[in-house]
Amino acid sequence: MTAAERREQLIEIARTVFSEKGFDGASVEEIAANAGVSKPVVYEHFGGKEGVYAVVVDREVRHLLGMMREALSDGSPRLLLEQAAVALLDYIEQSSEGFRILVRDSPLGSSSGSYVSIMSDIASRVEGILIDEFKKRGYDAKAAPMYAQMLVGMVGLTGQWWLDTRKPAKEVVAANLVNLAWNGLSGLEPKPELRSWE
C-alpha cells in the first residue's frame, strides 16, 4: 500500500471510529488496530488523534457545505427551500457517519463547532434570499436574519431526528418540512404580534 493509500485507509477507519464513539471515546490504538498497523503509523500521518479528527471533520464540512451551496444556488424561493431540505437529507443518507460526527460534537443549540458553523453559513445564504422576498412583499427586511435562523434550525433539527429514525422516507420528510415552512411563510403577517400580550 502506498503512503497515500494508507492515509486514505486511516481516514476512512478513523471516520467510522469517530462516528461510533465520538472524539473522546476514540483512540489512536483502536484506529491503528482496525487498520492493521502500529500506532506510530497513525502518528506519522496525522500527528495524533486530533490531526486525523481534523481531517475527517474538514472533509465532512466541505462535502455538506458543497451540497447545500449547490442546492441554494438557483431557483424560486420555494424550489430553493425544497432543494435545501432534500440536500441535507441526501447528505445524511449518503454520509450518516460523517453527519453523526458533525452533530455529536457540535449539535444545534451549542454555540460552536463544525455543524453549527455549517448551519450558520447556510443561514447567511437563506438570509439573502429572504431579504429579497421580504422587500418584494412589503415586509420588514430587518427580520430576514431571524427568519433565516428559524428555517435553518427547523431543517437542521429535523435532519438530526431523521438520522436515527429514517422514517418516513426522506422525500416525505422534505415535503412536510417545505409544507410547514412555505405555508407558514406564505401566511406571514407584516407586523406580527402576540395575541396574549395585547
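Please read all numbers here as calculations on a predicted model, not as lab measurements.

About the thresholds
- Residues numbered from 1 in each chain as written.
- Predicted model: local features only at pLDDT ≥ 70, side-chain atom pairs only at ≥ 80, totals over all residues.
- Heavy atoms only, no water.
- Axes fitted to C-alpha atoms, helices over the stretch in contact; angles between N-to-C directions.
- Helix = DSSP H or I, 4+ residues; strand = E, 2+ residues; numbered from the N terminus.
- Parallel < 35°, antiparallel > 145°, perpendicular 65-115°, else oblique.
- Left-handed = near helix turned anticlockwise from the far one by under 90°.
- Contact = heavy atoms within 4.5 Å.
- Nonpolar A, V, L, I, M, F, W, Y, C, P; charged D, E, K, R; others polar.
- Polar contact = N/O pair within 3.5 Å; in protein donor to acceptor, adjacent residues only side chain to side chain.
- Salt bridge = Lys/Arg side-chain N within 4 Å of Asp/Glu carboxyl O.
- Buried < 20%, exposed > 50% of the residue type's maximum accessible area, 1.4 Å probe, protein only.
- UniProt positions renumbered as here; feature names shortened; annotations may be inferred.
- Phe/Tyr/Trp six-rings, centres within 6.5 Å; stacked < 30°, edge-to-face > 60°.
- Lys NZ or Arg CZ within 6 Å of the ring centre and 35° of its normal.

### So, the packing of helix α8 (residues 144-165) against helix α9 (residues 170-186)
Here is step 1 of the chain: Axis separation between α8 and α9 bottoms out at 11 Å; the angle between their running directions is 160°. When the axis of α8 is compared with that of α9, the two are roughly antiparallel. Between α8 and α9 lies a crossing whose hand is right-handed. Contacts from Tyr147, Leu151, Met154, Val155, Thr158, Trp161 and Trp162 in α8 reach Lys170, Val173, Leu177, Leu180, Ala181 and Leu185 in α9.
Here is step 2 of the chain: Class assignment for the residues of the contact of α8 with α9 results in eleven nonpolar, one polar and one charged.

### Here's the deal with the environment of Asp58
Here is step 1 of the chain: Checked against the element boundaries, Asp58 lands in helix α4 (residues 49-71).
Here is step 2 of the chain: For the pair Asp58 and Leu102, spaced 44 residues apart in the sequence, the C-alpha separation amounts to 9.8 Å.
Here is step 3 of the chain: Within the local environment of Asp58, its side chain forms a polar contact with the side chain of Arg62, the two groups lying 3.0 Å apart.

### Notes on the pattern of salt bridges
Here is step 1 of the chain: Inspection of every chain in the model, using the stated rule, returns 15 salt bridges.
Here is step 2 of the chain: When the shortest N-O distance is used, the salt bridge between Arg15 and Glu60 registers 2.7 Å. Taken together, the positions of Arg15 in helix α1 (residues 3-25) and Glu60 in helix α4 put the pair 45 residues apart, joining distant regions of the chain.
Here is step 3 of the chain: Its relative accessible area of 14% is what places Arg15 among the buried residues.

### Topic: helix α2 (residues 28-35)
Here is step 1 of the chain: Three or more residues of α2 are buried, namely Val28, Glu30, Ile31, Ala32 and Ala35.
Here is step 2 of the chain: Check the buried side of α2 and you find it contacts α1, α3 (39-46) and α4.

### What to know about the UniProt feature "domain: HTH tetR-type" (unreviewed entry) in the protein
Here is step 1 of the chain: With numbering aligned to this structure, UniProt lists the feature "domain: HTH tetR-type" (unreviewed entry) at residues 4-64.
Here is step 2 of the chain: The annotated region residues 4-64 carries 89% helix and 0% strand content, and the separation between its end C-alpha atoms amounts to 24 Å.

### A few points about the packing of aromatic side chains
Here is step 1 of the chain: Summed over all chains, the structure comprises seven aromatic pairs.
Here is step 2 of the chain: Ring geometry for Phe18 versus Phe23: centroids 6.2 Å apart, planes at 20°, classification stacked. Residues Phe18 and Phe23 agree in their burial class; the two are buried.
Here is step 3 of the chain: Among the aromatic side chains, those forming a connected cluster through ring pairs are Phe18, Phe23 and Tyr53.
Here is step 4 of the chain: Above the plane of the ring of Phe23 lies Lys49, whose end atom (NZ or CZ) is 4.3 Å from the centre.

### Points about the UniProt feature "DNA-binding region" (unreviewed entry) in the protein
Here is step 1 of the chain: The sites that carry the UniProt feature "DNA-binding region" (unreviewed entry) are, in the present numbering, residues 27-46.
Here is step 2 of the chain: Annotated as residues 27-46, this span is 80% helix and 0% strand, and its ends, taken at the C-alpha atoms, are 13 Å apart.

### Considerations on the environment of Leu130
Here is step 1 of the chain: Considering the arrangement of structural elements, one finds Leu130 in helix α7 (residues 114-137).
Here is step 2 of the chain: The class for Leu130 is buried, based on a relative accessible area of 7%.
Here is step 3 of the chain: Sequence-wise, Leu130 and Lys167 are 37 residues apart; in three dimensions their C-alpha atoms are separated by 30 Å.

### Re the side chain of Lys170
Here is step 1 of the chain: Residue placement: Lys170 occurs in helix α9.
Here is step 2 of the chain: A relative accessible area of 14% places Lys170 in the buried class.
Here is step 3 of the chain: Looking at Lys170, its side chain comes within polar contact range of the side chain of Glu93, at 2.7 Å.
Here is step 4 of the chain: Beyond its immediate stretch of four places on either side in the chain, Lys170 contacts Leu89, Asp90, Glu93 and Trp162.

### What about the environment of Tyr91?
Here is step 1 of the chain: Relative to the elements of secondary structure, Tyr91 occurs in helix α5 (residues 77-94).
Here is step 2 of the chain: Expressed as a C-alpha distance, the spacing of Tyr91 and Ile11, which sit 80 residues apart in the sequence, is 19 Å.
Here is step 3 of the chain: Setting aside anything within four residues of it in sequence, one finds Tyr91 in contact with Glu60, His63, Leu64, Met67, Ser96, Gly98, Phe99 and Leu102.

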